[in-house]
Amino acid sequence: MPSSNIYESPRLLDEYLLFHYAKESEILPTSEIPYPSAMREALGFTQRTVGHFDNKPVAHGLDLGCAVGASTFAMAENCAAVIGIDFSHAFINAADRLRCGEVISFHRHDEAMLQKILSTNVIATELREKVNFEQGDAMNLRADLGGFDRVHAANLLCRLTNPNDLLEKFPSLVKLGGELIIATPCTWLQEFTPPQHWPAPDTFSWLRKQLEKNFTLELSTHEPFLIRETARKFQWSLSQLTKWRRHA
Ligand SMILES: C[S@@+](CC[C@H](N)C(=O)[O-])C[C@H]1O[C@@H](n2cnc3c(N)ncnc32)[C@H](O)[C@@H]1O
């Protein structure tokens, strides 16, 4: 079982709605503060990771640890049907409201009691119609989930109590010839993952060792992302992104 439910909190829901759906001018309103340009380059993470899939239409996609769903909707641009799964009921509830065509209001926290209310846009109907969201545990997925042409797991592995359980499941989740994208900032923390389940000697070597029997590594790169906590406190992180194709 996952150890933490910080992702159920209203504060994290606000931060993730802002991270996934706010405009650049809402995350970095430079009329007020001269934010460094590297911060701007870290925006759009949910679209950039999905952008590493092949640029051709496929039938089925799976977005694991989808949070409030922006990457799931992005996958629907090139998938006939996509399932987004996350352990957080609060995140899946928000994602599903967006799937139904709702606009969601959320708070951007600036400092102390100072906050601004922002809203998502309505997601395009042609994307909403191809997406479904469900609450679930990536380490214990329902048996009848089936196989997928594309699987996306961004910034999920180091939030799992036993990430190896998911790595072992990938060969049955990804169809032969299908693509798997894993992004991880490798922020291994005891509060999420007991140290005996941390990768060794490093995350990339561990991924290769666990996946190479069934998958060919096609790409290894780095994708920055930016999560705004307040007007003057952000998480700037660099995710290590690998793209794999199932060969066996
Ligand atoms: C760091 S966030 C990343 C979310 C999203 N992929 C993104 O890039 O913005 C980690 C996500 O994993 C989810 N999560 C944690 N444990 C999980 C589990 N066992 N199964 C599915 N999702 C899980 C959390 O609820 C959270 O939405």
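Please read these numbers as outputs of a predicted model, since none were measured by experiment. (Residues numbered from 1 in each chain as written. Predicted model: local features only at pLDDT ≥ 70, side-chain atom pairs only at ≥ 80, totals over all residues.)

**Some details on the confidence of the model for the protein chain**
Here is step 1 of the chain: Confidence in the prediction of the protein chain, expressed as mean pLDDT, is 97, and 98% of residues score 70 or more.
Here is step 2 of the chain: Averaged over each element, pLDDT in the protein chain is lowest for helix α3 (residues 37-41) (96) and highest for strand β6 (residues 148-154) (99). (pLDDT = per-residue confidence, 0-100. Helix = DSSP H or I, 4+ residues; strand = E, 2+ residues; numbered from the N terminus.)

**A short note on the pairing of β6**
Both faces of the sheet carry side chains from a regular strand, because those side chains alternate between them.
Here is step 1 of the chain: For β6, the buried fraction is high: seven of the seven residues fall into the buried class.
Here is step 2 of the chain: Once the chain exits β6 it traverses helix α8 (residues 163-173) before rejoining the sheet at strand β7 (residues 174-184), and the crossover so formed is right-handed. (Buried ≥ 20, exposed ≤ 12 C-beta atoms within 10 Å, placed from the backbone. Right-handed = clockwise from strand over helix to strand, strands pointing away.)

**A look at the pairing of strand β9 (residues 233-246)**
Here is step 1 of the chain: Note: β7 against β9, six bridges, orientation antiparallel. Bridge assignment links Leu180 to a residue of β9, and that residue is Trp244.
Here is step 2 of the chain: Bridging between strand β8 (residues 215-230) and β9 involves 14 bridges; their strand directions are antiparallel. Counterpart to Thr221 in the pairing with β9 is Leu241.
Here is step 3 of the chain: From the end of β8 to the start of β9, which pair antiparallel, there are two residues. (Pairing = 2+ DSSP bridges.)

**Regarding the site of the ligand**
Here is step 1 of the chain: Near the ligand you find 19 residues, and of these Tyr7, Gly65, Ala67, Phe87 and Ala138 are the closest.
Here is step 2 of the chain: For the shell around the ligand, the residue count by class is twelve nonpolar, four polar and three charged. (Near = placed C-beta within 6 Å. Nonpolar A, V, L, I, M, F, W, Y, C, P; charged D, E, K, R; others polar.)

**Concerning α8**
Here is step 1 of the chain: Listed as buried for α8 are Pro163, Leu166, Phe170 and Leu173. The buried residues of α8 occupy an angular sector of 75° when the element is viewed end-on, so they sit on one face.
Here is step 2 of the chain: Of the surrounding secondary structure, the elements contacted by the buried residues of α8 are β1 (58-64), β6, β7 and α9 (203-211). (Arc of directions from axis to C-beta. Contact = placed C-beta atoms within 7 Å.)

**Quick notes on the nonpolar core**
Here is step 1 of the chain: Within the largest apolar cluster, 55 residues are counted, with the highest numbers of intra-cluster contacts made by Leu17, Leu64, Val68, Phe91, Ala95, Val151 and Leu180.
Here is step 2 of the chain: The greatest single-element share of this core, amounting to six residues, is contributed by helix α1 (residues 10-21).
Here is step 3 of the chain: Val151 has contacts with Leu62, Leu64, Phe170, Leu173, Val174 and Leu180, leaving out every residue within four places of it along the chain. (Core = buried A, V, L, I, M, F, W, Y, C linked by C-beta atoms within 7 Å.)

**Notes on unusual backbone geometry**
Here is step 1 of the chain: Here the amide bond leading from Ala200 into Pro201 is cis, since omega sits at -5°, within 30 degrees of zero.
Here is step 2 of the chain: If you trace the backbone, Pro201 turns up in the loop between β7 and α9.
Here is step 3 of the chain: The backbone phi angle of Ala112 is positive, close to 40°, even though this residue is not glycine.
Here is step 4 of the chain: By the element assignment, Ala112 lies in the loop between β3 (105-111) and β4 (114-119).
Here is step 5 of the chain: Owing to 7 C-beta atoms within 10 Å, Ala112 belongs among the exposed residues under this scheme.

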